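Structural overview for review
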Amino acid sequence: MQEAPEIETLKSDALARIAAAADLAALEAVRVDLLGKQGTITALLKTLGQMSPEERLEKAPAIQAYREAAASALADRKAALEAAALETRLASEHVDLTLPAPQAPRGTVHPVSQVMDEMAEIFADLGFSVATGPEIEDDWFNFTALNMPESHPARAMHDTFYFPDQAPKGGRMLLRTHTSPVQVRTMLADGAPVRIIAPGRVYRSDSDATHTPMFHQIEGLVIDRDIHLGHLKWTLETFLKAFFEKDDIVLRLRPSYFPFTEPSVEVDVGFALVNGKRVLGGSGDESGHGWMELLGSGMVNRKVIEMSGLDPDECQGFAFGVGVDRLAMLKYGMDDLRAFFDGDVRWLQHYGFSGLDQPTLSAGVGAKA
Ligand code: 2NL
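Residues numbered from 1 in each chain as written. Predicted model: local features only at pLDDT ≥ 70, side-chain atom pairs only at ≥ 80, totals over all residues. Heavy atoms only, no water.

1. Digging into the pattern of salt bridges
In total, this model carries 21 salt bridges according to the counting rule given. Between glutamate 135 and arginine 201 there is a salt bridge, and its shortest N-O distance comes to 3.3 Å. Remark: arginine 201 occurs in strand S5 (residues 194–203) and glutamate 135 occurs in the loop between strand S1 (129–130) and strand S2 (136–138); sequence separation between them is 66 residues. When its relative accessible area of 40% is taken as the criterion, arginine 201 is described as partly exposed. Look at the salt bridges and you will find they share partners, linking Arg252, Arg254, Asp268 and Glu293 into a network. (Salt bridge = Lys/Arg side-chain N within 4 Å of Asp/Glu carboxyl O. Helix = DSSP H or I, 4+ residues; strand = E, 2+ residues; numbered from the N terminus. Buried < 20%, exposed > 50% of the residue type's maximum accessible area, 1.4 Å probe, protein only.)

2. Details of the site of the ligand
Neighbouring residues of the ligand: 16 residues in total, closest Glu219, Phe260, Gly296, Ala319 and Gly321. For the ligand, a nitrogen atom lies 2.8 Å from a polar atom in the side chain of glutamate 219. Note that a nitrogen atom of the ligand is positioned 3.3 Å from one of the backbone N or O atoms of glycine 321. Bound to the protein, the ligand loses 87% of the 490 Å² it would expose on its own. Elements represented by at least two residues in the shell around the ligand include exactly helix H7 (180–190), strand S6 (214–224), strand S10 (289–300) and strand S11 (316–323). Taken together, the residues of the shell around the ligand sort by class into eight nonpolar, seven polar and one charged. (Near = heavy atom within 4 Å. Polar contact = N/O pair within 3.5 Å; in protein donor to acceptor, adjacent residues only side chain to side chain. Areas by Shrake-Rupley, 256 points an atom, 1.4 Å probe, with all protein chains shown as cover. Nonpolar A, V, L, I, M, F, W, Y, C, P; charged D, E, K, R; others polar.)

3. As for the sheet that holds S2
Read across the sheet, three strands follow the order S2-S4-S3 without closing on themselves; strand pairing throughout is antiparallel. Taken across any chain shown, the strands that pair with only one partner, and hence form the sheet edges, are S2 and strand S3 (162–166). Recorded for the sheet is a direction-independent mean angle of 30° between the axes of neighbouring strands. Strand direction decides the pairing type here: S2 and strand S4 (residues 172–175), joined by three bridges, are antiparallel. (Pairing = 2+ DSSP bridges. Axes fitted to C-alpha atoms, helices over the stretch in contact; angles between N-to-C directions.)

4. Looking at the packing of aromatic side chains
Under the definition given, this model contains 11 aromatic pairs. For the pair phenylalanine 123 and phenylalanine 320, a centre-to-centre distance of 5.6 Å together with 25° between the ring planes defines the contact as stacked. Of the two residues, phenylalanine 123 sits in helix H5 (residues 111–125) while phenylalanine 320 sits in strand S11, which places them 197 residues apart along the sequence. Residues phenylalanine 123 and phenylalanine 320 agree in their burial class; the two are buried. On the numbers, 4.8 Å between centres and 85° between planes, the contact of phenylalanine 243 with phenylalanine 244 is edge-to-face. Each of the two residues, phenylalanine 243 as well as phenylalanine 244, counts as buried. An aromatic cluster is defined as three or more aromatic residues linked by ring pairs; in this entry it consists of Phe123, Phe128, Phe239, Phe243, Phe244 and Phe320. (Phe/Tyr/Trp six-rings, centres within 6.5 Å; stacked < 30°, edge-to-face > 60°.)

5. Focus on the pairing of S11
Along S11, six of the eight residues are buried, which leaves the element largely enclosed by surrounding structure. Looking at chain direction, S6 and S11 are connected through eight bridges and run antiparallel. Note on S11: the bridge partner recorded for glycine 220 is phenylalanine 320.

6. Some words on the nonpolar core
The biggest cluster of nonpolar side chains holds 43 residues, and the ones touching the most others in it are Met119 and Leu327. For this core, the elements supplying multiple residues, two or more each, are H5, S6, helix H8 (229–243), strand S8 (261–274), S10, S11 and helix H10 (324–332). Leaving out residues up to four positions away in the same chain, leucine 327 has contacts with Val115, Met119, Phe239, Phe243, Phe244, Leu294 and Val322. Listed in part, the 24 residues of the second largest apolar core include Met148, Val182, Val184 and Met187. (Core = buried A, V, L, I, M, F, W, Y, C linked by side-chain atoms within 4.5 Å. Contact = heavy atoms within 4.5 Å.)

7. Side note on unusual backbone geometry
Following alanine 192, the chain continues to proline 193 via a peptide bond in cis, the omega torsion being -5°. Along the polypeptide, proline 193 turns up in the loop between H7 and S5. The omega angle of the peptide bond from glutamate 262 to proline 263 is 0°, so this bond is cis rather than trans. You can see proline 263 is positioned in strand S8. Unusually for a residue other than glycine, asparagine 147 sits at a positive phi of about 65°. With respect to the helices, strands and loops of the structure, asparagine 147 is situated in the loop between helix H6 (139–142) and S3. The exposure class of asparagine 147 is buried, given its relative accessible area of 18%.

Right, here's the structure in full:
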């Protein structure tokens, strides 16, 4: 019974030390001192094991009470110190919600996709819809329906990628060499009138600085009762002015030959040499100017209209084809076509477009992020 007052003293000392701990580190030191492996309370508890049952019954309650008081004082003090630390942080730190968020890494829209989107927008304003079709075609849709006879040089193995297997209806399967088969399919499926553009990948066995075996093309087709060359010229002029965002785009129509059009017309656009660079605009006939061949076109050959299931005495129309990759290079100033398909992220970051841009005239065609 004489040890109880001694424990009371130990207890009030311990509680005073706990109350005096100024921060969490000091409090932890006190806890280790009292309740750690070598702690004084731990040592006291161990003495209980050496006592006789009678003595233990007498002394245990005071020692246990001491341990519990210390443990609960430690927990209270810890909570108080943590709350105080939080208060201090809240008072000194704040979140500025007006700061811009850090830029998340974001991919870019490839210039080819951008140009296709821009063209789809411009032609949509002219009443054209977008038609798509298979990249693996049979030679009837790719060649025969387009009035390209068996002897046509484009059919040769060294120009066209053929598959080893036969087409279901006979003939041969191939990678389409132009998107014209999409237009034939549209005429067969929907009949006249037709007002479509057909964008997509096309393939030719060709590879050098200015040719890749896969490239992109957009063809356009208008079929109705009285469509004539004037509609073709106006449509292409209106498109090119919108696409290059320039009013002084001058077209020169030159007679040409394609098996699928009659007459066929090559379309040149005037350019000026500015610091040795070609800049579209103005007549190519002025001094220091020139003409650049930009697209091929013509009035759809009546044989093609016939093979597409329409009556060439009832309807006629125009068609054109243009290389998307070259248009992109002209508009956005890349000089190496091969870089288009290397997938170099640095090139894409430099020449690519924000996916959030609207490729419309009102949002500014080609506006960079
Ligand atoms: C070029 C020439 C052209 C067409 C494509 C076409 C499609 C049908 C019927 C008639 Cl379904 N023609 N397409 C017509 C003329 C030229 O492309 O140099 N492209 C890069």
